[in-house]
Amino acid sequence: MIHQTNFQHNDNEKDTRLALSVLELVPKLVSRLHADVPITNDTSEGENALRAVSELRATPGQLTLLRILVEHERCMMQELAEHLAVAPSTATAMVKRLLTQGYIERSRDDTDWRTVWVKPTEAGRQAVATYDHFRLEALQYRLAQLSEAERLSLIAALPALRHLIDV
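Rules and cut-offs
- Residues numbered from 1 in each chain as written.
- Predicted model: local features only at pLDDT ≥ 70, side-chain atom pairs only at ≥ 80, totals over all residues.
- Heavy atoms only, no water.
- Helix = DSSP H or I, 4+ residues; strand = E, 2+ residues; numbered from the N terminus.
- Buried < 20%, exposed > 50% of the residue type's maximum accessible area, 1.4 Å probe, protein only.
- Phe/Tyr/Trp six-rings, centres within 6.5 Å; stacked < 30°, edge-to-face > 60°.
- Lys NZ or Arg CZ within 6 Å of the ring centre and 35° of its normal.
- Salt bridge = Lys/Arg side-chain N within 4 Å of Asp/Glu carboxyl O.

Asks: Quick rundown of unusual backbone geometry? Include the residues and the values.
Replies: One non-glycine residue with positive phi stands out, namely Glu-73, at about 75 degrees. In this structure, Glu-73 sits in the loop between α3 (60-72) and β1 (75-76). Unlike most non-glycine residues, Ala-85 shows phi in positive territory, near 60 degrees. Within the secondary structure, Ala-85 sits in the loop between α4 (77-84) and α5 (88-101). What makes Ala-85 exposed here is its relative accessible area of 72%.

Asks: Hey, could you go over the packing of aromatic side chains for me, with residue numbers and the actual values?
Replies: Applying the stated rule across the entire model yields zero aromatic pairs. The cationic tip of Arg-74 hangs over the ring face of Trp-117; the distance from NZ or CZ to the ring centre is 3.5 Å.

Asks: Kindly report on the pattern of salt bridges, identifying the contributing residues and their values.
Replies: On inspection of all chains with the given rule, the structure shows nine salt bridges. With its nearest N and O atoms 2.7 Å apart, the salt bridge here joins Arg-142 to Asp-36. A residue pair is termed long-range when its members are at least 10 positions apart, and Arg-142 in helix α6 (residues 122-144) and Asp-36 in helix α1 (residues 2-36) qualify at 106 residues. Residue classification places Asp-36 among the partly exposed positions, given a relative accessible area of 32%. Close ionic contact of Arg-67 with Asp-132 constitutes a salt bridge, the shortest N to O distance being 2.1 Å. Taken together, the residues Arg-67 in helix α3 and Asp-132 in helix α6 connect sequence positions 65 residues apart. On the basis of relative accessible area, Asp-132 is assigned to the partly exposed category, the value being 26%. Several salt bridges converge on common partners, so that one network encompasses Arg-67, Asp-132 and Arg-135.

Structure below.
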């Protein structure tokens, strides 16, 4: 019985170490990829989308909000707050800033004037697409620095990572 208890204890330790490693590494990887997206203040026509991404990078929450709107096409303010897991007043402040920047637009519902819909503008969609393009390039560059064995290990881990999201 003691042997089985030690075995279970070791499994719990391993699980704890694994959990702590995932909690440490995933945010660092996301942060590194976010930092790899170029920043520019160039206002030439060809750089407008990249400039928009640079403005949005100031607060990661704005990019998250905009991505939610692009994915859902439009949201009511309460839905948006729920997707972001923030108070409605926080979502409202974020929406106001993105409205000012021209990345989203707000409108009242046709049947219930109390309902406010928020949706991305074309500039907002383009900013998300540009950010995603550069983020993908950054990850591809980093993956290319890994050995073939390291890349195969990541490929092998993908189903388990997907399962972690689903449970």
